[in-house]
Protein chains: 2
Amino acid sequence: MAIHYPNGKKYDSRHESRTDEKKYGYANRGMTLEEDINETNAYYLAHRIAVIHKKPTPVQIVQVDYPHRSAAVIKEAYFKTPSTTDYNGVYKGRYIDFEAKETRNETSFPLKNIHEHQIRHIRDVIDCGGISFLIIRFAKSEEIFLLEGKYLLQFWDRMKAGGRKSIKKEEIAAFGHRIPLGIRPRIDYIRIIDSIYRDILCP
Amino acid sequence: MAIHYPNGKKYDSRHESRTDEKKYGYANRGMTLEEDINETNAYYLAHRIAVIHKKPTPVQIVQVDYPHRSAAVIKEAYFKTPSTTDYNGVYKGRYIDFEAKETRNETSFPLKNIHEHQIRHIRDVIDCGGISFLIIRFAKSEEIFLLEGKYLLQFWDRMKAGGRKSIKKEEIAAFGHRIPLGIRPRIDYIRIIDSIYRDILCP
């Protein structure tokens, strides 16, 4: 079974226990896209704007010890490949679903960053009337874009039809929406959703 | 508004072709509520009715070994208390969010089955226009009910005001909706949602 770590990155427990001082450090360096989005979601939640959470990392648990009655310790477990996207929740009654990805590539977003089963999930969500998108961060230039799921599917299908295996940054800029990095919230993607889906959001 | 179903008959597994004798054995015994709901969600997904998934169990990862490049092993981790409900997803564009609980109590549902932070989450979801509910199974009588989040909050608030620490089964029957155990899907909660929220669901 698949036991690759989801992002292909080593797990860094420091992300779990950052102090505010560290977090809001110089020019945001070392701040990951995930941290920025989690902070944004915390802002939305605190202001009752939207309820969006990152799903826990799926883990296959093999062995659990019970050294004390109150503290079960997982002694053997493996990372599972996520079958959906990372983030979901509700905004103005509508279902919101997205994946967030960073690339160090400067000119395009390689589609190998997205799994086939995530594409399937995105299709399913769109079919059921959900709002699906991708947040892409170009790490070098620090540019962030929101690309609607329907366009991601088109670029995916182009690849499957023998076309390019990535989405050009110009294409993302043309079909997507630039999200300026802010302070509170840091990545205000709901503002973009508000403008794109104004007509279908609930009052 | 309650849908009136034909009198709930007990599920008879002989009507369905099953391979896993142990799991789906005599009179459905041993089948957990979670398994029934997962199977129901798989049915909804396969038929493009709704996309609803159970969230992975949240785990705090402390130590990971990398014996091979492709097989990270989690060597130390702990279970975290979930901060949200277990299930969420999309139906006709709307955000669906619920928790599923079983009780062996025959006359009432003890509110200690629900955590304070889950109540908070349910409030947040309702505030943002999401559809929130609880699926309660009385294990002994095999009765299943759907109770809308707004009523759960009322019973919770009654407890906080010094009232009873449980919801009587009669109250659940009066404010909630009985879900008859079916074959495909097994626990057709979407049918109830359809009738309650007809006016706000997207076409």
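Residues numbered from 1 in each chain as written. Chains lettered and ligands numbered in written order. Predicted model: local features only at pLDDT ≥ 70, side-chain atom pairs only at ≥ 80, totals over all residues. Heavy atoms only, no water.

**Considering the relation of the copies chain B and chain A**
For step 1, the next point in the chain: Expressed as a screw operation, the relation of chain B to chain A combines 0.1 Å of axial shift with a rotation of 180°, fitting to an RMSD of 0.2 Å. Both copies are brought into coincidence by an operation consistent with a two-fold rotation axis.
For step 2, the next point in the chain: Both copies contact each other with a shared surface, as 89% of the interface residues of chain B are interface residues in chain A too. (Least-squares fit on C-alpha atoms with pLDDT ≥ 70 in both. Contact = heavy atoms within 4.5 Å.)

**Thoughts on the nonpolar core**
For step 1, the next point in the chain: Ile37(B), Ile96(B), Phe98(B), Phe133(B), Ile135(B), Tyr189(B) and Ile193(B) are the most contacted members of the largest nonpolar core, which totals 24 residues.
For step 2, the next point in the chain: Mapped onto this core, the elements with two or more residues apiece are helix 1 (33-46), strand 1 (50-54), strand 4 (87-91), strand 5 (94-103), strand 7 (131-138), strand 8 (143-148) and helix 5 (189-196) of chain B.
For step 3, the next point in the chain: Broken down by element, the residue count for this core peaks at 4 residues, all from helix 5 of chain B.
For step 4, the next point in the chain: Those residues in contact with Ile37(B) that sit more than four places away from it in its chain are Tyr87(B), Phe98(B), Ala100(B), Ile135(B) and Ile187(B).
For step 5, the next point in the chain: Ranked by size, the runner-up nonpolar core spans 23 residues in total, among them Leu33(A), Tyr87(A), Tyr91(A) and Leu146(A). (Core = buried A, V, L, I, M, F, W, Y, C linked by side-chain atoms within 4.5 Å. Buried < 20%, exposed > 50% of the residue type's maximum accessible area, 1.4 Å probe, protein only. Helix = DSSP H or I, 4+ residues; strand = E, 2+ residues; numbered from the N terminus.)

**What to know about the UniProt feature "binding site: Mg(2+)" (unreviewed entry) in chain A**
For step 1, the next point in the chain: Taking the UniProt record as the reference, the feature "binding site: Mg(2+)" (unreviewed entry) is found at Thr84(A), Asp86(A), Glu99(A) and Gln118(A). For the residues just named, distributed over 35 residues, the greatest C-alpha separation is only 9.6 Å, placing them together at one site.
For step 2, the next point in the chain: Relative to the elements of secondary structure, Thr84(A) occurs in the loop between strand 3 (71-79) and strand 4 (87-91).
For step 3, the next point in the chain: Setting aside anything within four residues of it in sequence, one finds Thr84(A) in contact with Lys55(A), Glu99(A), Gln118(A), His121(A) and His53(B).
For step 4, the next point in the chain: In terms of polar contacts, Thr84(A) uses its side chain to reach the side chain of Lys55(A), at 2.9 Å.
For step 5, the next point in the chain: Position of Asp86(A) among the secondary structure elements: in the loop between strand 3 and strand 4.
For step 6, the next point in the chain: Its relative accessible area of 16% is what places Asp86(A) among the buried residues.
For step 7, the next point in the chain: Contact partners of Asp86(A), with chain neighbours within four places excluded, come to His53(A), Lys54(A), Lys55(A), Phe98(A) and Glu99(A). (UniProt positions renumbered as here; feature names shortened; annotations may be inferred. Polar contact = N/O pair within 3.5 Å; in protein donor to acceptor, adjacent residues only side chain to side chain.)

**Some thoughts on the pattern of salt bridges**
For step 1, the next point in the chain: Counted by the stated rule, this structure contains 28 salt bridges over all chains.
For step 2, the next point in the chain: Of the charged contacts, one joins Asp157(A) and Arg123(A) as a salt bridge, the two residues approaching to 2.9 Å between their closest N and O atoms. Remark: Arg123(A) occurs in helix 3 (residues 116-127) and Asp157(A) occurs in helix 4 (residues 149-160); sequence separation between them is 34 residues.
For step 3, the next point in the chain: The class for Asp157(A) is partly exposed, based on a relative accessible area of 33%.
For step 4, the next point in the chain: Between Lys160(B) and Glu116(B) there is a salt bridge; the shortest N-O distance is 3.2 Å. With Lys160(B) in helix 3 (residues 149-160) and Glu116(B) in helix 2 (residues 116-127), this pair connects stretches of sequence that are 44 residues apart.
For step 5, the next point in the chain: Salt bridges here are not isolated pairs; linked through shared partners, they connect Arg48(A), Arg120(B), Asp124(B) and Asp127(B). (Salt bridge = Lys/Arg side-chain N within 4 Å of Asp/Glu carboxyl O.)

**Some thoughts on the interface of chain B and chain A**
For step 1, the next point in the chain: Contact with chain B, which involves 44 residues of that partner, is made by 45 residues of chain A.
For step 2, the next point in the chain: In total, about 3700 Å² of surface goes out of reach between chain B and chain A, with carbon and sulfur atoms giving 63% of it.
For step 3, the next point in the chain: Counting the surface chain B buries against chain A, the share from its top three residues, Arg48(B), Ile74(B) and Cys128(B), is 17%.
For step 4, the next point in the chain: A salt bridge links Arg48(B) to Asp124(A); the shortest N-O distance between them is 3.3 Å.
For step 5, the next point in the chain: For the interface between chain B and chain A, the tally reads 15 residue pairs in polar contact (both at pLDDT 80 or more).
For step 6, the next point in the chain: Among the elements of the structure, strand 1, strand 2 (59-68), strand 3 (71-79), strand 4, strand 5 and helix 2 of chain B are those that each provide at least two residues to the side of chain B that touches chain A.
For step 7, the next point in the chain: Here the side of chain B that touches chain A gets 9 residues from one element, more than from any other, and that element is strand 3 of chain B.
For step 8, the next point in the chain: Across the side of chain B that touches chain A, the residue classes break down as 23 nonpolar, 11 polar and 10 charged.
For step 9, the next point in the chain: By the bridge criterion, 4 bridges tie strand 3 of chain A to strand 3 of chain B in an arrangement that is antiparallel. The residue of strand 3 of chain B that forms the bridge with Ile74(A) is Ala77(B). (Buried area = accessible area lost by both parts, 1.4 Å probe. Nonpolar A, V, L, I, M, F, W, Y, C, P; charged D, E, K, R; others polar. Pairing = 2+ DSSP bridges.)

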